[in-house]
Amino acid sequence: MSNLKNRGKEGRDDLLFGTLKMQEKLKEAVTDMCYLLSRGYAQKSSVQLVGNRYRLNVRQQQALQGMSASKEQIEQRVSTCITLEALKGKDIIIDGFNLIIILESALSQGYIFKGLDHCYRDLSSVYGTYKRVQQTEQALLLIGAVLKQAEVKSVLWVLDKPVSNSGRLKTKLRELAEQENYNWDIILENNPDNYLAESEAVVITSDAWILDRVTIWCNLARYIIEHKLEDTTIVFAE
């Protein structure tokens, strides 16, 4: 584990997100984004327009996009979200990389961003390749402990098959499930977003595209970040 890196901050992140002035600017930008999206403006053009107005760089615009949603999207996502307590006895399906990476980032003291839809998102991306970090196993054990406490019926992890090292992560998840007696199954999917969006199980994700299409979901990352982690570096949209 000593050779593994963190999934933490980039060099200029404290300047981009760490000051009260920058955080207030980002909140104002999110308000403008919500206004535009709620009136039918496209996300891409809205990010460019608002980003230019507030002089946000590419990384700040990425955070802006993750924190923003239209009023209709927020209402829909809230209406289909169930609590952790409601997971008892239910089948759940996990957007694997989505959940693991946000928790790795939070545990690494990277900046994470709470959106208008109450979902936490970060600025990491697998870019076609996933690499384990020092906090990977800790994140997986946190997920396992919370799901065991919630008394879920079954857990299906879905990983992006095209992502390099997804097979290794599948092996790690299977080994951990056997070691800790977790009722986990793990599959690799070529198009996991569609697979998750069409599932009848409770979906665990903070991916906006999936959230706008699922029947029922649970904000597990939010629960873990707010109840199980300390000293996380959070920027709020509201």
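The coordinates are above.
It should be emphasised that the depicted structure is a prediction, and the values quoted were computed from it without experimental measurement.

What counts and what doesn't
- Residues numbered from 1 in each chain as written.
- Predicted model: local features only at pLDDT ≥ 70, side-chain atom pairs only at ≥ 80, totals over all residues.
- Heavy atoms only, no water.
- Pairing = 2+ DSSP bridges.
- Helix = DSSP H or I, 4+ residues; strand = E, 2+ residues; numbered from the N terminus.
- Buried < 20%, exposed > 50% of the residue type's maximum accessible area, 1.4 Å probe, protein only.
- Axes fitted to C-alpha atoms, helices over the stretch in contact; angles between N-to-C directions.
- Left-handed = near helix turned anticlockwise from the far one by under 90°.
- Contact = heavy atoms within 4.5 Å.
- Nonpolar A, V, L, I, M, F, W, Y, C, P; charged D, E, K, R; others polar.

Enquirer: Explain the sheet that holds strand 5 (residues 154-160) to me, using residue names and the numbers behind them.
Expert: Spatial ordering of the open sheet is given by 1-8-7-2-5-6, a layout of six strands whose pairing is parallel. Edge positions in the open sheet fall to strand 1 (81-82) and strand 6 (184-189), since each of these has one partner strand only. Direction of pairing for strand 2 (residues 91-95) relative to strand 7 (residues 202-204): parallel, over a ladder of three bridges. Across the sheet, the residue bridging to Ile94 is Ile204, located in strand 7.

Enquirer: Explain the pairing of strand 9 (residues 233-236) residue by residue, including any values.
Expert: A one-sided burial pattern is seen for strand 9, the buried positions being Thr233 and Val235 and the unburied ones Ile234 and Phe236. Note: strand 3 (residues 111-114) against strand 9, four bridges, orientation parallel. Within strand 9, the position partnered with Lys114 by the bridge is Phe236.

Enquirer: Residues and numbers for the packing of helix 6 (residues 96-107) against helix 7 (residues 136-150), please.
Expert: Where helix 6 contacts helix 7, the axes come no closer than 9 Å and their chain directions differ by 115°. Our pair here, helix 6 against helix 7, has a crossing hand that is right-handed. Facing helix 6, whose interface residues are Leu99, Ile100, Leu103, Glu104 and Leu107, helix 7 presents Thr136, Gln138, Ala139, Leu140, Leu142 and Ile143. Split into classes, the residues belonging to the contact of helix 6 with helix 7 amount to eight nonpolar, two polar and one charged.

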